[in-house]
Amino acid sequence: MVIELVKIQLKRLHRQKLFYLYFVVIGAFIVSNLFQCTGKPEDTGMEYYTGGRFLTLCMQSHIDIIGPLFLSFISALLISGEKATGMFRQPLLNGITKKQLLLAKIISILIVALVCFLFVILFSIILGFSVWGSGVFEHMKHCLLQIVLLMLPQITMVLFFVFISLYMSNISSMMCISLILLLVNNLFSQFFERYISFVDFMYYLYPFSEYNGMVLSANTIMVGVIVNVITMLLLSNGMIKRIHHMAM
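What you see is a predicted model, and the numbers here were worked out from it, not measured in a lab.

**Brief notes about the overall build of the chain**
Here is step 1 of the chain: The number of helices and strands found in the chain is 10 helices and 0 strands.
Here is step 2 of the chain: Reading the chain from its N end, one meets helices and strands in the order α-α-α-α-α-α-α-α-α-α.
Here is step 3 of the chain: The C-alpha radius of gyration computed for the chain amounts to 19 Å, which stays within 12% of the reference 18 Å derived for 248 residues, consistent with globular compactness.
Here is step 4 of the chain: Once the C-alpha set of the chain is aligned to its principal axes, its extents read approximately 60 × 40 × 30 Å.
Here is step 5 of the chain: Summarising the internal contacts of the chain: among those between residues at least 6 apart in sequence, 78% fall at separations of at least 24.
Here is step 6 of the chain: Carbon and sulfur atoms provide 70% of the accessible area of the chain, an area that totals close to 12400 Å².
Here is step 7 of the chain: Charge-centre separation for the chain: the mean point of 16 positive side chains lies 21 Å from the mean point of 10 negative side chains.

Here you go:
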């Protein structure tokens, strides 16, 4: 039953061409990154990201604001929008429970996050290979570590946006609060990392991608994994309680 619900959600997103919108936007950023890394990269300060580190640069573009904002919009569309219509308060047909419906929406958003991330990886590698050839794979082992680690805060972020969506009355309010939270988090991650690294799961999008020269250490990985796992558990519990309250 959940699988069928997931298919319905994905078909809905496909009809609205939202994937293509994201592909065009992030594709333009990746092409822009390529132009900065070719020619005279020393003039743009991008020589570090040429060749094998080009994929890292493109992943940074994805996690900085574009990817999170797009996921917040998908969450707003699938949850806040339907919450505004009263769907979560109405009796569901065919024996579907509200928990099943919410689970299907979470899985759908996770699939969207995975597809978008894979697109960034594959498109970056293809463009990088066209310029540097096999040199684009020079640091692939390290990039694979980054990819695996970045999946964790992105999963947590999906749960976070779903949780917020359950409290927002419409899509516009969800997008507004999401943008504010992302901008504030970006600011705190840059200037107060010493204090928020033990509580903020989104902070680890930056060290896991070595954003702005951050160093990926074993301690950072350990703390980041712990913070994200704890946050996932708290969000999951919060969503269950919220859906119970909404169904009353």
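Structure's up, so let's keep going.
**Considerations on the pattern of salt bridges**
Here is step 1 of the chain: Scanning the entire structure with this criterion turns up 1 salt bridge.
Here is step 2 of the chain: Notably, a salt bridge pairs Lys7 with Glu4, separated by 3.7 Å at the nearest N-O pair. Residue Lys7 and its partner Glu4 are located together in helix 1 (residues 2-15), separated by 3 residues, close to a single helical turn.
Here is step 3 of the chain: Residue classification places Lys7 among the partly exposed positions, given a relative accessible area of 42%.
Here is step 4 of the chain: Take Glu4: its relative accessible area is 45%, and that puts it in the partly exposed class.

Conventions and cut-offs
Residues numbered from 1 in each chain as written. Predicted model: local features only at pLDDT ≥ 70, side-chain atom pairs only at ≥ 80, totals over all residues. Heavy atoms only, no water. Helix = DSSP H or I, 4+ residues; strand = E, 2+ residues; numbered from the N terminus. Rg over C-alpha atoms; globule rule 2.2 N^0.38 Å. Contact = heavy atoms within 4.5 Å. Areas by Shrake-Rupley, 256 points an atom, 1.4 Å probe, with all protein chains shown as cover. Lys, Arg positive; Asp, Glu negative; His and termini not counted. Charge placed at Lys NZ, Arg CZ, Asp CG, Glu CD. Salt bridge = Lys/Arg side-chain N within 4 Å of Asp/Glu carboxyl O. Buried < 20%, exposed > 50% of the residue type's maximum accessible area, 1.4 Å probe, protein only.

Without other data, these values stay purely geometric and don't point to any function.
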